[in-house]
Amino acid sequence: MTPQWTEFSFDDALTFKRELLAAIAAGDRVVDLAGVSGGDSSLLSVLLSGRRIAPDLQILNLSPALAQLAQLYGVADLLGLPKSASETEVN
């Protein structure tokens, strides 16, 4: 599924959650966020809801800013995001 927004805000969260859950129910297991340049913790919350229902949900093209926010909140692993380079380095 591909969201219809380019800038995502809290006001879009409920609509996106409904669309995501409907897509999951229909068997879709990929969310492509390539066209979404904005977003905040509400977008991460919706994605977490989707992963809770469909653990195999793939999240593609999350913006670097949102990926960093997910790392900061400690939910990157829950979202299935790759580890950042700094976390994979061995000292």
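Description of the structure in this document. Since we're looking at a predicted model, the values are computed, not measured.

**Notes on the overall build of the chain**
And step 1. A count of helical and extended segments in the chain gives four helices and two strands.
And step 2. Scaling as 2.2 N^0.38, a compact globule of 91 residues should have a C-alpha radius of gyration of about 12 Å, and the chain matches this with 13 Å.
And step 3. Based on the C-alpha atoms only, the size of the chain along its principal axes is roughly 45 × 25 × 20 Å.
And step 4. Looking at the chain residue by residue over its 91 residues, the buried ones come to 37%.
And step 5. For the chain, restricting intrachain contacts to residue pairs at least 6 apart in sequence, the fraction spanning at least 24 positions comes to 69%.
And step 6. When the accessible surface of the chain is totalled, it reaches about 5400 Å², and 54% of it is carbon and sulfur.

**Brief notes about the side chain of Arg51**
And step 1. If you trace the backbone, Arg51 turns up in helix H2 (residues 41-53).
And step 2. Buried and unpaired, Arg51 has Asp56 as its nearest opposite-charge partner, separated by 7.1 Å.
And step 3. Setting aside anything within four residues of it in sequence, one finds Arg51 in contact with Asp56, Leu57, Ile59, Asp77, Leu78, Leu79 and Gly80.

**Looking at unusual backbone geometry**
And step 1. One non-glycine residue, Asn61, adopts positive backbone phi at about 60 degrees.
And step 2. Mapping Asn61 onto the fold places it in the loop between strand S2 (58-60) and helix H3 (64-73).
And step 3. In this structure Asn61 comes out as partly exposed when scored by relative accessible area, which is 47%.

**Observations concerning the packing of helix H1 (residues 13-25) against H2**
And step 1. Orientation of H1 relative to H2, taken along the N-to-C sense of each, is 20 degrees, at an axis distance of 10 Å. It follows that H1 is roughly parallel to H2 by the angle criterion. Read as a crossing pair, H1 and H2 show a hand that is right-handed. Note on element contacts: H2 touches H1 through Ser42, Leu43, Val46, Leu47, Ser49, Gly50 and Ile53, opposite Ala13, Phe16, Lys17, Leu20, Leu21 and Ile24.

The rules behind these values
- Sequence positions are assigned chain by chain, starting from 1 and proceeding in written order.
- In keeping with the model being predicted, local features are shown solely for residues with a pLDDT of at least 70 and side-chain atom pairs are shown and tallied solely at 80 or more, while totals for entire chains, interfaces and linings include all residues.
- Each side-chain value is derived from all of the structure's non-hydrogen atoms; neither hydrogens nor water enter the calculation.
- In this description a helix means any DSSP run of H or I spanning at least four residues, a strand means any run of E spanning at least two, and both kinds are numbered starting from the N terminus.
- Restricting the calculation to C-alpha atoms gives the radius of gyration, and the globule rule supplies 2.2 Å times the number of residues raised to the power 0.38.
- Residue burial is assigned from relative accessible area. The probe radius is 1.4 Å, only protein chains are included, and a residue is buried under 20% of its type maximum, exposed over 50%, and partly exposed in between.
- Contacts between residues were defined by any pair of non-hydrogen atoms, one from each residue, lying within 4.5 Å.
- Only the protein chains shown count as covering a residue, and every accessible area follows the Shrake-Rupley method with a 1.4 Å probe.
- Within this scheme the basic residues Lys and Arg register as positive and the acidic residues Asp and Glu register as negative, but His and the chain ends are omitted.
- A carboxyl oxygen of Asp or Glu within 4 Å of a side-chain nitrogen of Lys or Arg is what we treat as a salt bridge.
- Lines fitted to C-alpha atoms define the axes here, with helix axes fitted over just the stretch in contact, and angles between the N-to-C directions of these axes take values from 0 to 180 degrees.
- Reported orientations rely on four angle classes, namely roughly parallel under 35 degrees, roughly antiparallel over 145, roughly perpendicular from 65 to 115, and oblique for the rest.
- Here is the rule for handedness: rotate from the far helix to the near one, and if that takes an anticlockwise turn smaller than a right angle the crossing is left-handed, while a clockwise turn gives right-handed.

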